[in-house]
Amino acid sequence: MLITYDTCEASIPAIDQKRLSEWINRVVVNNSFEIGEINYYFCSDNYLLEMNREHLNHDYFTDIITFDYTVADIISGDLFISVDTVLDNAKEYGCEYLQELHRVMIHGVLHLMGIDDKTDEDQEIMTQKEDESLALLSDID
């Protein structure tokens, strides 16, 4: 298992990397997958906007872009997270910044496990899986 945390035009948030890595691994294993390599990159809005334009032909801000390198049941990928958009979303949703950051972090992992969020039905499933995953985090010291 290899989970890394890095930055692109931003600072790494004040997170407990060991605890989060254990949590992510637990979520992955509970869903009958294993971790290959997951790389988190914490970015500025502008950095992620340029990536969105370049790689996805989307001209808008987003909280996460996930590049999926999963093979069979071994999940791997690069997850680029805009710390600016996560902060804005936390304010909009009335929750703590770290709570929203954790949700976005696991959202990307759920995408690597094949969970989509394009339709309303898919979004409901994604939200349910996010909530179940977040509940596991409280069990990890």
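Throughout, residues of each chain are indexed from 1 in the direction in which the sequence is written. Local features in this predicted model are restricted to residues of pLDDT 70 or higher, and side-chain atom pairs are both shown and tallied only at a pLDDT of 80 or more, whereas totals for entire chains, interfaces and linings draw on every residue. Side-chain figures throughout are based on the complete set of non-hydrogen atoms in the structure, without hydrogens or water.

**What about the pattern of salt bridges?**
The following threshold applies: The term salt bridge refers to a side-chain nitrogen of Lys or Arg lying within 4 Å of a carboxyl oxygen of Asp or Glu. Secondary structure elements follow DSSP: runs of H or I no shorter than four residues count as helices, runs of E no shorter than two count as strands, and numbering proceeds from the N terminus. The rule is simple: take the accessible area with a 1.4 Å probe, protein chains only, and divide by the maximum for that residue type; under 20% is buried, over 50% is exposed, in between is partly exposed.
The final tally for this structure, using the stated rule, is 6 salt bridges. Where D131 meets R103, a salt bridge forms, and the shortest distance between an N and an O atom there is 2.9 Å. Of the two residues, D131 is situated in helix α5 (residues 120-137) and R103 in helix α4 (residues 97-112); the sequence distance between them amounts to 28 residues. Residue class for D131 comes out partly exposed when judged on its relative accessible area of 39%. Where salt bridges share partners, they join E50, R53 and D59 into one cluster.

**What to know about the side chain of H107**
As a reminder, the rule being used: Throughout this description, a polar contact denotes any pair of N or O atoms lying within 3.5 Å of each other; where both atoms belong to protein, one of them has to be capable of donating a hydrogen while the other can accept it, and for residues adjacent in sequence the pair is counted only when both atoms sit in side chains. In what follows, residue pairs with any heavy atoms lying within 4.5 Å of each other are defined as contacts.
Secondary-structure assignment places H107 in helix α4. Residue classification places H107 among the buried residues on the basis of a relative accessible area of 14%. A distance of 3.1 Å separates the side chain of H107 from the side chain of D117, its partner in a polar contact. Not counting residues up to four positions away in its chain, the partners in contact with H107 are I64, D117, M126 and E130.

**What about the pairing of strand β1 (residues 2-8)?**
Heads up, the rule is: Strands are treated as partners if at least two bridges between them are detected by DSSP.
Judged from the 7 bridges that link them, β1 and strand β2 (residues 34-43) form a sheet pairing that is parallel. Along β2, the bridge assignment pairs I3 with I38.

**Comments concerning the packing of aromatic side chains**
Threshold: Working definition: a ring pair exists when centres of Phe, Tyr or Trp rings (six-membered ring for Trp) sit within 6.5 Å. Plane angles under 30 degrees give stacked, over 60 give edge-to-face, the rest tilted.
Applying the stated rule across the entire model yields 4 aromatic pairs. With a centroid separation of 5.8 Å and an interplanar angle of 90 degrees, the aromatic rings of F67 and F80 are classed as edge-to-face. Of the two residues, F67 is situated in strand β3 (residues 64-68) and F80 in strand β4 (residues 74-82); the sequence distance between them amounts to 13 residues. The exposure class of F67 is buried, given its relative accessible area of 18%. According to the relative accessible area criterion, F80 is buried, its value standing at 9%.

Geometric values such as these leave the question of function open.
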